[in-house]
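# Working through the structure, step by step
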Amino acid sequence: KFQFHIKSNMCIIDDGYMTAWGDWNSLKPKFAKKKTSTDQCMRQLAQSIKNAGMRPGLWLAPYAADKHSLLLKNHPSWAIRNNSGRIANSSNCGKFFVGLDGSNPKVREHAFTCVQRAVEWGFEV
(Lines give C-alpha, C1' and ligand atoms only; values in the text may rest on other atoms or scores of the structure.)
Protein backbone atom coordinates (compact mmCIF):
# COMPACT_ATOMS: atom_id res chain seq x y z
CA LYS A 1 0.00 0.00 0.00
CA PHE A 2 1.36 3.41 -1.01
CA GLN A 3 1.08 6.06 1.67
CA PHE A 4 2.52 9.49 2.13
CA HIS A 5 1.74 12.53 4.18
CA ILE A 6 1.56 16.03 2.83
CA LYS A 7 1.58 18.86 5.30
CA SER A 8 -0.85 21.65 4.58
CA ASN A 9 -1.06 25.11 6.01
CA MET A 10 -4.60 25.88 4.83
CA CYS A 11 -8.06 24.38 4.84
CA ILE A 12 -10.56 25.47 2.19
CA ILE A 13 -14.30 25.00 2.73
CA ASP A 14 -15.51 24.02 -0.72
CA ASP A 15 -18.82 24.43 -2.53
CA GLY A 16 -21.74 22.78 -0.77
CA TYR A 17 -22.03 24.65 2.52
CA MET A 18 -24.61 27.12 1.14
CA THR A 19 -28.21 26.46 0.11
CA ALA A 20 -27.57 27.54 -3.50
CA TRP A 21 -24.93 29.21 -5.63
CA GLY A 22 -25.60 32.91 -5.28
CA ASP A 23 -26.96 32.55 -1.76
CA TRP A 24 -23.51 32.73 -0.17
CA ASN A 25 -24.88 33.91 3.17
CA SER A 26 -27.04 30.83 3.68
CA LEU A 27 -26.15 27.44 5.13
CA LYS A 28 -27.62 24.05 4.36
CA PRO A 29 -29.43 22.67 7.43
CA LYS A 30 -26.93 19.80 7.82
CA PHE A 31 -24.08 22.34 7.89
CA ALA A 32 -25.66 24.86 10.28
CA LYS A 33 -25.91 24.42 14.03
CA LYS A 34 -29.39 24.71 15.51
CA LYS A 35 -30.17 28.10 17.05
CA THR A 36 -26.88 29.52 15.75
CA SER A 37 -26.75 32.24 13.12
CA THR A 38 -24.89 31.81 9.84
CA ASP A 39 -22.41 34.44 11.03
CA GLN A 40 -21.72 32.56 14.27
CA CYS A 41 -21.36 29.19 12.51
CA MET A 42 -18.93 30.53 9.94
CA ARG A 43 -16.88 32.46 12.50
CA GLN A 44 -16.62 29.34 14.66
CA LEU A 45 -15.59 27.27 11.65
CA ALA A 46 -12.88 29.73 10.60
CA GLN A 47 -11.61 29.92 14.17
CA SER A 48 -11.48 26.12 14.53
CA ILE A 49 -9.36 25.94 11.37
CA LYS A 50 -7.02 28.60 12.79
CA ASN A 51 -6.88 26.69 16.09
CA ALA A 52 -5.67 23.66 14.10
CA GLY A 53 -2.75 25.78 12.85
CA MET A 54 -4.07 26.37 9.35
CA ARG A 55 -5.29 29.35 7.34
CA PRO A 56 -9.05 29.14 6.70
CA GLY A 57 -10.36 29.58 3.18
CA LEU A 58 -13.86 29.74 1.74
CA TRP A 59 -14.87 28.88 -1.82
CA LEU A 60 -17.06 31.52 -3.48
CA ALA A 61 -18.26 32.30 -7.00
CA PRO A 62 -19.94 35.69 -6.50
CA TYR A 63 -20.55 36.26 -10.22
CA ALA A 64 -22.61 33.07 -10.62
CA ALA A 65 -25.91 31.80 -9.24
CA ASP A 66 -28.22 28.79 -9.37
CA LYS A 67 -31.42 29.29 -11.35
CA HIS A 68 -33.41 28.57 -8.17
CA SER A 69 -31.38 30.87 -5.87
CA LEU A 70 -33.01 33.56 -3.78
CA LEU A 71 -30.51 35.99 -5.29
CA LEU A 72 -31.97 35.51 -8.79
CA LYS A 73 -35.54 35.47 -7.50
CA ASN A 74 -34.88 38.85 -5.89
CA HIS A 75 -32.73 40.26 -8.72
CA PRO A 76 -33.62 38.63 -12.05
CA SER A 77 -32.20 41.61 -13.97
CA TRP A 78 -28.71 40.73 -12.70
CA ALA A 79 -28.51 37.72 -15.04
CA ILE A 80 -26.42 38.00 -18.20
CA ARG A 81 -28.59 37.44 -21.26
CA ASN A 82 -27.66 36.84 -24.88
CA ASN A 83 -29.06 38.83 -27.81
CA SER A 84 -32.14 36.58 -27.84
CA GLY A 85 -32.83 37.29 -24.17
CA ARG A 86 -31.82 33.83 -22.98
CA ILE A 87 -29.92 33.59 -19.71
CA ALA A 88 -26.20 32.94 -20.18
CA ASN A 89 -24.34 30.05 -18.57
CA SER A 90 -21.39 31.09 -16.40
CA SER A 91 -19.69 27.79 -17.42
CA ASN A 92 -18.65 26.72 -13.94
CA CYS A 93 -18.03 23.10 -13.02
CA GLY A 94 -19.79 21.60 -16.04
CA LYS A 95 -23.21 22.54 -14.65
CA PHE A 96 -25.47 25.38 -15.76
CA PHE A 97 -25.08 28.37 -13.48
CA VAL A 98 -26.44 31.79 -14.32
CA GLY A 99 -23.71 34.34 -15.00
CA LEU A 100 -24.20 37.67 -13.26
CA ASP A 101 -23.63 40.93 -15.13
CA GLY A 102 -20.38 42.43 -13.84
CA SER A 103 -21.11 45.68 -15.68
CA ASN A 104 -23.99 46.27 -13.27
CA PRO A 105 -22.79 48.29 -10.23
CA LYS A 106 -25.23 46.40 -7.96
CA VAL A 107 -23.72 43.08 -9.03
CA ARG A 108 -20.21 44.36 -8.29
CA GLU A 109 -21.43 45.57 -4.89
CA HIS A 110 -22.90 42.11 -4.26
CA ALA A 111 -19.58 40.44 -5.16
CA PHE A 112 -17.64 42.80 -2.90
CA THR A 113 -20.07 42.15 -0.03
CA CYS A 114 -19.69 38.37 -0.44
CA VAL A 115 -15.90 38.58 -0.14
CA GLN A 116 -16.03 41.18 2.64
CA ARG A 117 -18.41 38.99 4.67
CA ALA A 118 -16.10 35.97 4.31
CA VAL A 119 -13.20 38.07 5.59
CA GLU A 120 -15.32 39.30 8.51
CA TRP A 121 -16.08 35.67 9.35
CA GLY A 122 -12.33 35.08 9.59
CA PHE A 123 -11.55 33.42 6.26
CA GLU A 124 -8.19 34.41 4.78
CA VAL A 125 -7.95 32.48 1.53
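Notes on the structure in this doc start here. (Residues numbered from 1 in each chain as written. Predicted model: local features only at pLDDT ≥ 70, side-chain atom pairs only at ≥ 80, totals over all residues. Heavy atoms only, no water.)

Further remarks concern the overall build of the chain. Check the secondary structure of the chain and you find three helices and four strands. Reading the chain from its N terminus to its C terminus gives the helix and strand order β-α-β-β-α-β-α. Summarising its shape, the C-alpha atoms of the chain cover approximately 55 × 40 × 25 Å along the three principal directions. When burial is assessed residue by residue, the chain has 33% of its 125 residues classed as buried. When contacts within the chain are restricted to residue pairs at least 6 apart in sequence, long-range pairs at least 24 apart make up 63% of them. Of the accessible surface of the chain, which amounts to about 8,200 Å², a share of 52% is contributed by carbon and sulfur atoms. Computed over 18 positive and 9 negative side-chain charges, the inter-centroid distance for the chain is 6 Å. (Helix = DSSP H or I, 4+ residues; strand = E, 2+ residues; numbered from the N terminus. Buried < 20%, exposed > 50% of the residue type's maximum accessible area, 1.4 Å probe, protein only. Contact = heavy atoms within 4.5 Å. Areas by Shrake-Rupley, 256 points an atom, 1.4 Å probe, with all protein chains shown as cover. Lys, Arg positive; Asp, Glu negative; His and termini not counted. Charge placed at Lys NZ, Arg CZ, Asp CG, Glu CD.)

Under the counting rule described, the total for this entry stands at four aromatic pairs. Between W21 and W24 the ring centres are 6.1 Å apart and the planes differ by 50°, which places this aromatic pair in the tilted class. Residue classification places W24 among the buried positions, given a relative accessible area of 2%. For the pair W21 and W59, a centre-to-centre distance of 4.9 Å together with 55° between the ring planes defines the contact as tilted. Of this pair, W21 sits in the loop between β1 (10–13) and α1 (38–51) while W59 sits in the loop between β2 (55–58) and β3 (64–65), placing them 38 residues apart in sequence. Look at W21 and you get buried, because its relative accessible area is 3%. Judged by relative accessible area, which is 22%, W59 ranks as partly exposed. Through pairs of rings, three or more aromatic residues link up here, namely W21, W24, W59 and F97. Lying over the aromatic face of F96, K67 brings its terminal NZ or CZ to 4.7 Å of the ring centre. (Phe/Tyr/Trp six-rings, centres within 6.5 Å; stacked < 30°, edge-to-face > 60°. Lys NZ or Arg CZ within 6 Å of the ring centre and 35° of its normal.)

Let us now look at the pairing of β1. Alignment of β1 against β2, held across four bridges, turns out to be parallel. Among the inter-strand pairings, I12 is bridged to a residue of β2, identified as G57. With α1 bridging β1 and the parallel β2, this β-α-β connection has right-handed handedness. (Pairing = 2+ DSSP bridges. Right-handed = clockwise from strand over helix to strand, strands pointing away.)

So, about the side chain of D66. The topology assignment puts D66 in the loop between β3 and α2 (70–74). Assessed through its relative accessible area of 5%, D66 is described here as buried. Within the structure, the side chain of D66 is placed 2.7 Å from the backbone nitrogen of W21, a separation counted as a polar contact. Look past the residues within four positions of D66 in its chain and what remains in contact with it is A20, W21, L72, K95 and F97. (Polar contact = N/O pair within 3.5 Å; in protein donor to acceptor, adjacent residues only side chain to side chain.)

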